[in-house]
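Observations on the model geometry
For reference, the chains in residue letters:
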Amino acid sequence: MLFLKRIYEWAEVRLGVRELVEKNLTGYLLPRNINFWYSMGSILLFIFVTQVITGILLLVYYLPEAEKAYTSIGAIMNAVPFGWLIRTCHVVGSNMMVLFVFLHMLSVLFMGSYKSPRELNWITGFVLFTLVQGLCLTGYLLPWSQLSFWATTVATNSVGAIPLIGEFLVEFLRGGKLVGAPTLGRFYTLHIAVFPLLIAIVVGAHLFFLERIGVSTPPFGQGDTRNRWQGDAFRYEGHPGGIPFFPNYLLQDMTSIAIYFALFAAVVFFSPNLFFTKDAFVQANPFQTPAHIKPEWYFLANYQTLKLFPNEFIGLSIQGAAMTFLALLPFIDRGKEKHPLKRPLFMVCAVGGILLYIGLSIWGHYS
Amino acid sequence: MNLERQAMKNLITCAGLAFLIGCLSIPVTAAEVSLGDKNVCISCHGGQPGRLGEPVKLWRESIHAANNVACNECHGGDPNDAVNAMSPARGFLGVPKETAIPGVCGRCHVGVEKDYMHSAHGRALGKGGPTCVTCHGNHLVVKATLDIINEKRCTACHGYERARIIREAMQQTEGLIVSMGERIDSYKGEGVETDRLEKGLFSVRNSFHSLSHNLDAEMVKRESARINTELNSISDSLGKIDEQRKKRRLAGVVVVGGALLAALVFCLLRRSYD
């Protein structure tokens, strides 16, 4: 203990650790009515770190060449000690990341936390949402299985529906006319370097905005649920009399992370193939199209939407418009009220949107 | 008012960027994409009605299609050249003559052809005896099972008694082979490396099925016992995989339990601070 105290004092005189701890941990006060939905960001950070660690471990044995990729994945799953665990964690983690991004966005939507002055938090969060989807899509090709190959063929085909530059974009993405070794090289680079780096940068920006503006007050358990932002000058939203981040809310974060981990481990150990189909364990064969290619669960609604329209470009445009609307929501919804039950129009749109999304996903799954 | 104007400006500036991000984040498209068959036999005959198109439909459901064994493997010709696909110069055979059928099938199924040629069936080739396609069909060839030996089919030419003895002697082993095949398939569908087991079972299945071609009931009984020993060895390997799965689930119980316990401890600690 004496040794630790001496290290602390050593650091204190050099870095002002006490002030740092006071400002960011014990003196960092959060609203008294904060709830567990505020832990979603911490869970996502935990997932991202887990993905980076398991991804690095997979890189030790994965071979990013069309002829060797599938075999190397087979070796990881069957020959490398605990390789099956590392790969399963990576696959399940990627799906969990998308699921928790959805949950995080929904909690922000329903609690009105996207409203001024937090537009930049919302925008960076939305960019993270698209980057995570990009990360998952590029990772999907790497095992070079039938599922990877054909899902990527279908996904990259859709870009061809964009007028004038569609064909060029398809070739640019694939590195040729068809999905092949150059596509694997491109997606590999995007997956292990570009997307993680971009995500780390945007997460940094997201946290920076949070740090500058302060944590929003949940609209529950208090009389006035209106947004108190004046808009005339920059003001940090402090919470005098609130609960300290350390130890109180950190323990809430730890509780949420432990519950998440239990859910994650349950999938990894008891249903490791939940996110796989049989085609995921057959080597890619460009000459044999599997009977039914279905995208991952989080793309099923998009997939079904495209099938509903006779013209692929119309389907893409409608989805692009919906995504644009969502991205710009803080600029469109300028109302002061934050409580979801006091925002009937929002509630109708949000619940309708969620039901539509779930309905389209189920339809896409069974279609 | 200034704020609203500012908000409008922000809205317009962001619209273009967000639309692009929005479009790029929707990478999924219509489901069934057909690249078109590269094989000219299939692309030409597949679109034809009746007698000329029917073989393609049947073939698509066959084990040959599942294993990429295309038309030219039996009928010859050049599947990459539409003009000369059916040229004798490119080895096109067309429909093989009855007596040539075992030779065509035997190009791949070497052992089976040998057993067949030594059997009563083979000796009757060209004299009213059955060829490979009599029992297995021609285009809709499916994975062979004991169901092929049945009273209806056999009694078309002779009595069923001898065939029944052979079938009964093979029944139990066949059941084992089928159930093991299903277990291996199931593990394969979960990413387990099953190549060695598949090859082992493939070899056992072949030697076992070849018994049905030589039509010697005593030999069938004798060989079935030997084959059962080989099957037991495959069964042991499958048992090891089962055991490994059980251990993983047990580890899962510990990890999930530990995580839930940690959640409980953190939760109680938080409450003590509140």
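1. Some words on the overall build of chain B
- Each helix and strand counted, chain B has 13 helices and zero strands in total.
- When the helices and strands of chain B are placed in sequence order, the string is α-α-α-α-α-α-α-α-α-α-α-α-α.
- When burial is assessed residue by residue, chain B has 22% of its 274 residues classed as buried.

2. Comments concerning the overall build of chain A
- Counting its regular elements, chain A contains 14 helices and two strands.
- A compact globule built from 367 residues should have a C-alpha radius of gyration of about 21 Å, and chain A, at 23 Å, falls within 12% of that.
- Its C-alpha atoms give chain A principal-axis dimensions of about 65 × 60 × 40 Å.
- Across chain A, every contact between residues at least 6 apart in sequence was considered, and the portion connecting residues at least 24 apart equals 77%.

3. A few points about the packing of helix 5 (residues 83-110) of chain A against helix 10 (residues 245-270) of chain A
Residue and element names in this part refer to chain A.
- Between helix 5 and helix 10, the shortest axis-to-axis distance is 10 Å and the interhelical angle comes to 130°. Taken as axis vectors, helix 5 and helix 10 run oblique relative to one another. Our pair here, helix 5 against helix 10, has a crossing hand that is right-handed. Along its contact with helix 5, which presents Thr 88, Cys 89, Val 92 and Met 96, the element helix 10 presents Phe 264, Val 267 and Val 268.
- In terms of residue class, the contact of helix 5 with helix 10 is made up of six nonpolar, one polar and no charged.

4. A short note on the nonpolar core
Residues and elements named next belong to chain A.
- In terms of nonpolar packing, the biggest core is built from 73 residues, with Val 132 and Phe 264 touching the most fellow members.
- Top element by residues in this core is helix 6 (residues 119-141). It accounts for 13 residues.
- Apart from the residues lying within four places of it in its own chain, the contact partners of Val 132 are Met 97, Val 98 and Val 101.

5. Re helix 11 (residues 300-308) of chain A
All names here are of chain A.
- Counting buried positions along helix 11 gives seven out of nine residues, so the element sits mostly inside the fold.
- Buried within helix 11 we find Leu 300, Ala 301, Asn 302, Tyr 303, Gln 304, Thr 305 and Leu 306.
- Here the buried face of helix 11 lies against helix 12 (312-327) and helix 14 (344-366).

6. Here's the deal with the packing of helix 11 of chain A against helix 14 of chain A
Residues and elements named next belong to chain A.
- Interaxial distance between helix 11 and helix 14 falls to 7 Å at its minimum, and their mutual angle equals 75°. When the axes of helix 11 and helix 14 are compared, the pair comes out roughly perpendicular. Across the interface between the two elements, Leu 300, Ala 301, Tyr 303, Gln 304 and Thr 305 from helix 11 touch Tyr 357, Leu 360, Ser 361, Trp 363, Gly 364 and His 365 from helix 14.
- The class makeup of the residues in the contact of helix 11 with helix 14 is six nonpolar, five polar and no charged.

7. A look at unusual backbone geometry
All names here are of chain A.
- With an omega of 5°, the peptide bond running from Ser 116 to Pro 117 counts as cis.
- Here Pro 117 lies in the loop between helix 5 and helix 6.
- Following Phe 246, the chain continues into Pro 247 via a peptide bond in cis, with omega recorded as 5°.
- Relative to the assigned elements, Pro 247 resides in helix 10.
- Backbone geometry places Phe 82, a non-glycine residue, at a positive phi of 60°.
- Along the polypeptide, Phe 82 turns up in the loop between helix 4 (69-78) and helix 5.
- Look at Phe 82 and you get exposed, because 10 C-beta atoms sit within 10 Å.

8. Let's talk about the confidence of the model for chain B
Residue and element names in this part refer to chain B.
- Here chain B averages 83 in pLDDT, and 86% of its residues register 70 or above.
- The model gives residues 6-37 a pLDDT under 50, and that stretch makes 64 contacts with residues more than four places away or in other chains.
- If you check the scores for this complex, the pTM reads 0.79 and the ipTM reads 0.92.

9. Quick word on the environment of A:Gly166
- You can see A:Gly166 is positioned in helix 8 (residues 166-174).
- Separated by 54 residues in sequence, A:Gly166 and A:Gly112 have C-alpha atoms that sit 37 Å apart.

So, how was this worked out
Residues numbered from 1 in each chain as written. Chains lettered and ligands numbered in written order. Predicted model: local features only at pLDDT ≥ 70, side-chain atom pairs only at ≥ 80, totals over all residues. Helix = DSSP H or I, 4+ residues; strand = E, 2+ residues; numbered from the N terminus. Buried ≥ 20, exposed ≤ 12 C-beta atoms within 10 Å, placed from the backbone. Rg over C-alpha atoms; globule rule 2.2 N^0.38 Å. Contact = placed C-beta atoms within 7 Å. Axes fitted to C-alpha atoms, helices over the stretch in contact; angles between N-to-C directions. Parallel < 35°, antiparallel > 145°, perpendicular 65-115°, else oblique. Left-handed = near helix turned anticlockwise from the far one by under 90°. Nonpolar A, V, L, I, M, F, W, Y, C, P; charged D, E, K, R; others polar. Core = buried A, V, L, I, M, F, W, Y, C linked by C-beta atoms within 7 Å. pLDDT = per-residue confidence, 0-100.

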